[in-house]
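Remarks on the overall topology
Here's the letter readout for the chains.
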Amino acid sequence: LGDCITTAIVCNIGAKPSAKRVGIVNIIFNLGQSVVTFSAIFLLYNLGFLDGIWDRVIYSAGIANTNTLFNLACAILLFPALNLFEKLSHRLVKDEPVAVGKYDTLLDALNPAFFNTPALAFGRCYDALLVIYDLSRTNISRAFTLVDHYDEKTAVQITEQEDDVDLLTDRVSNYLIQISAHITAPNHVEIMNHYLTVASDFERLSDHALNITEIAESLHKNQEVLPKEAISELNVLQQLLDTILEYGETTFRKRDLDAARHIEPLDQVVDDMINVLKDNNLERLRFGVCSTFVGTEFLNLLSEADSISDVCSSIGIATIARAIPDIKHQTHKYISRLHSGQDEAFNQEYQTAYERYLGLLKDPDES
């Protein structure tokens, strides 16, 4: 009884109603065991069935065996009363009115109980990180649609989803920091560091989606629209970004090094394309095709697109560095080697992507 009451107190500290009921049922069950046991002993003793063993000395083995029989017998006798115990616990502990969140199950899975089994704890983080990436990627796609056709409802959805991303990222990051006190194995430390890095990267993607939404809202409020040429250019740029984001997801989901290596040449194409689009924007400004305000907002959109590509590049490099330790502390040197033309696979993929997407700029109908 003393032990079960201690358990019940622990279950009640800052706990939800369901956890409190666990403690209550534990007390009720143990009280039931005590009542059954004392009643049985009283009856058997008065009937004389215990006379032969009542004064006998009992040793540790006998105590252990008696305890086993006691628990088994009580479990069997009290099993039919479990439904009654459950109903009683619901009467004693009422449900608290709480708002149900979309990601409560995912957040509840980030449980300190898994700290002693790091593989399970990291598995829960992995699940949450995939959701964060998916939410951020969806927000980016929605945000670009607002540039051409602004919709208040979609803008609200993006803002709400951004709040979800922030919440999930904070919880995952805090959980990973708590895990750090329970791990010593080098591979577990590597996983923790990698997940902390990508958690920040995934959250930044959603931030850039929100920035694009704000640019679209600014254009809408000022009753300004981008020229058709600018919209066509953004559509091609978005196609390229979507390809990079797809590789980014595959990279993290499967820890796929091939997918990771596809990102960097495409990021270089994004840089080249943005330079071309900046020149085109200046031409439109020079010939009065768009206002200074529109031209500035278009440049802001290009800056956000460039940042999205850079974040995906960071995700790819982090995955490669985790798999190839020699690159871990020389990432700048590794990237410089790729962009200096010293890697044939990089050069070939860059050239293919450059011709494809820059070709779409000249003839958008091919897309």
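Our structure is the block above this text.
Reading the values: the criteria
Residues numbered from 1 in each chain as written. Predicted model: local features only at pLDDT ≥ 70, side-chain atom pairs only at ≥ 80, totals over all residues. Heavy atoms only, no water. Helix = DSSP H or I, 4+ residues; strand = E, 2+ residues; numbered from the N terminus. Rg over C-alpha atoms; globule rule 2.2 N^0.38 Å. Buried < 20%, exposed > 50% of the residue type's maximum accessible area, 1.4 Å probe, protein only. Contact = heavy atoms within 4.5 Å. Areas by Shrake-Rupley, 256 points an atom, 1.4 Å probe, with all protein chains shown as cover. Patch = residues over 30% accessible without salt bridge, like charges linked within 9 Å, V, L, I, M, F, W, Y side chains within 5 Å. Salt bridge = Lys/Arg side-chain N within 4 Å of Asp/Glu carboxyl O. Lys, Arg positive; Asp, Glu negative; His and termini not counted. Phe/Tyr/Trp six-rings, centres within 6.5 Å; stacked < 30°, edge-to-face > 60°. Lys NZ or Arg CZ within 6 Å of the ring centre and 35° of its normal. Core = buried A, V, L, I, M, F, W, Y, C linked by side-chain atoms within 4.5 Å. Axes fitted to C-alpha atoms, helices over the stretch in contact; angles between N-to-C directions. Parallel < 35°, antiparallel > 145°, perpendicular 65-115°, else oblique. Left-handed = near helix turned anticlockwise from the far one by under 90°. Nonpolar A, V, L, I, M, F, W, Y, C, P; charged D, E, K, R; others polar.

**So, the overall build of the protein chain**
Along its length, the protein chain carries 14 helices and zero strands. Written out in order from the N terminus, the α and β elements of the protein chain read α-α-α-α-α-α-α-α-α-α-α-α-α-α. Computed over C-alpha atoms, the radius of gyration of the protein chain comes to 31 Å, more than 25% over the 21 Å expected from 2.2 N^0.38 for 367 residues, which places it beyond the range of a compact globule. Judged by the C-alpha coordinates and their principal axes, the protein chain covers about 110 × 50 × 30 Å. Here the protein chain holds 367 residues, and the buried ones make up 39% of them. Sequence-distant contacts in the protein chain: of pairs separated by 6 or more residues, those separated by 24 or more amount to 77%. Put simply, the protein chain shows about 20,800 Å² of open surface, and 56% of that area lies on carbon and sulfur atoms.

**Focus on a nonpolar patch on the surface**
A cluster of nonpolar side chains, contributed by Leu 43, Leu 44, Leu 47 and Phe 49, occupies part of the molecular surface with about 430 Å² of accessible area. Mapped onto the elements, Phe 49 comes out in the loop between helix H2 (17–46) and helix H3 (60–78).

**What to know about the side chain of Glu 304**
If you trace the backbone, Glu 304 turns up in helix H11 (residues 292–323). Here Glu 304 sits buried without a salt bridge, and the closest side chain of opposite charge, Arg 204, lies 9.5 Å off (N-O distance). Residues contacting Glu 304, with those up to four places away along its chain left out, are His 208, Asn 211, Ile 212 and Ile 215.

**Here we look at the packing of aromatic side chains**
Scanning the entire structure with this criterion turns up nine aromatic pairs. Ring geometry for Phe 115 versus Tyr 175: centroids 5.2 Å apart, planes at 35°, classification tilted. Taken together, the residues Phe 115 in the loop between helix H5 (104–108) and helix H6 (118–148) and Tyr 175 in helix H7 (residues 152–179) connect sequence positions 60 residues apart. Across this residue pair, the class does not change: Phe 115 and Tyr 175 are buried. Pairwise contacts between aromatic rings join Phe 122, Tyr 126, Tyr 133, Tyr 195, Phe 202 and Phe 252 into one cluster. Above the face of the Phe 114 ring, Arg 124 is positioned so that its terminal group lies 5.9 Å from the ring centre. The aromatic ring of Phe 298 is capped on one face by Arg 284, whose charged end is 5.1 Å from the ring centroid.

**Focus: the nonpolar core**
One recurring pattern in soluble globular proteins: nonpolar side chains tend to sit buried together. Residues Leu 129, Ile 179, Leu 226, Leu 237 and Met 273 are the most contacted members of the largest nonpolar core, which totals 84 residues. Tallying contributions element by element places H6 first for this core, with 14 residues.

**Comments concerning the packing of H11 against helix H13 (residues 331–339)**
Interaxial distance between H11 and H13 falls to 11 Å at its minimum, and their mutual angle equals 115°. Taken as axis vectors, H11 and H13 run roughly perpendicular relative to one another. Note on packing geometry: the crossing formed by H11 with H13 is right-handed. Residues Ile 317, Ile 320 and Ala 321 of H11 touch H13, and the partners they reach there are Thr 331, Tyr 334 and Ile 335.

**Some remarks on the environment of Asp 127**
If you trace the backbone, Asp 127 turns up in helix H6. With relative accessibility at 32%, the residue Asp 127 sits in the partly exposed group.

**A few points about the packing of helix H8 (residues 186–221) against H11**
With their axes 10 Å apart at the nearest point, H8 and H11 run at an angle of 170° to one another. One element, H8, and the other, H11, form an angle in the roughly antiparallel class. Here the hand of the crossing between H8 and H11 comes out left-handed. For the contact of H8 with H11, the per-class residue count stands at 15 nonpolar, eight polar and six charged.

**Thoughts on unusual backbone geometry**
In this model, Gln 223 sits at a positive phi of 55°, which is unusual for a non-glycine residue. Residue Gln 223 is classed as exposed on the basis of its relative accessible area, which comes to 74%. Even without a glycine there, the phi angle at Arg 255 is positive, about 50°. Mapped onto the fold, Arg 255 is located in the loop between helix H9 (228–254) and helix H10 (257–286).

**Remarks on the environment of Leu 44**
As for its position among the elements, Leu 44 is in helix H2. Distance from Leu 44 to Asn 347, taken between C-alpha atoms, is 90 Å for residues 303 residues apart in sequence.

**Observations regarding the side chain of Ser 309**
By the element assignment, Ser 309 lies in helix H11. In this structure, Ser 309 is in contact with Leu 241, Ile 244, Asp 267 and Val 270, ignoring residues within four places of it in sequence.

**Regarding the pattern of salt bridges**
When the charged atoms of two side chains lie near each other, side chains of opposite charge can form a pair. Per the stated rule, a full pass over the model turns up twelve salt bridges. Across the pair Glu 246 and Arg 137 runs a salt bridge, and its minimum N-O distance is 2.8 Å. Separated by 109 residues along the polypeptide, Glu 246 in helix H9 and Arg 137 in helix H6 bring together distant segments of the chain. For Glu 246, a relative accessible area of 37% puts it in the partly exposed group. Salt-bridge contacts for Glu 217 lead to Lys 221; the nearest nitrogen and oxygen are separated by 3.2 Å. Here Glu 217 and its partner Lys 221 are both found in helix H8, four residues apart, which amounts to about one turn of the helix. For Glu 217, a relative accessible area of 24% gives the class partly exposed. Judged by its relative accessible area of 62%, Lys 221 is exposed.

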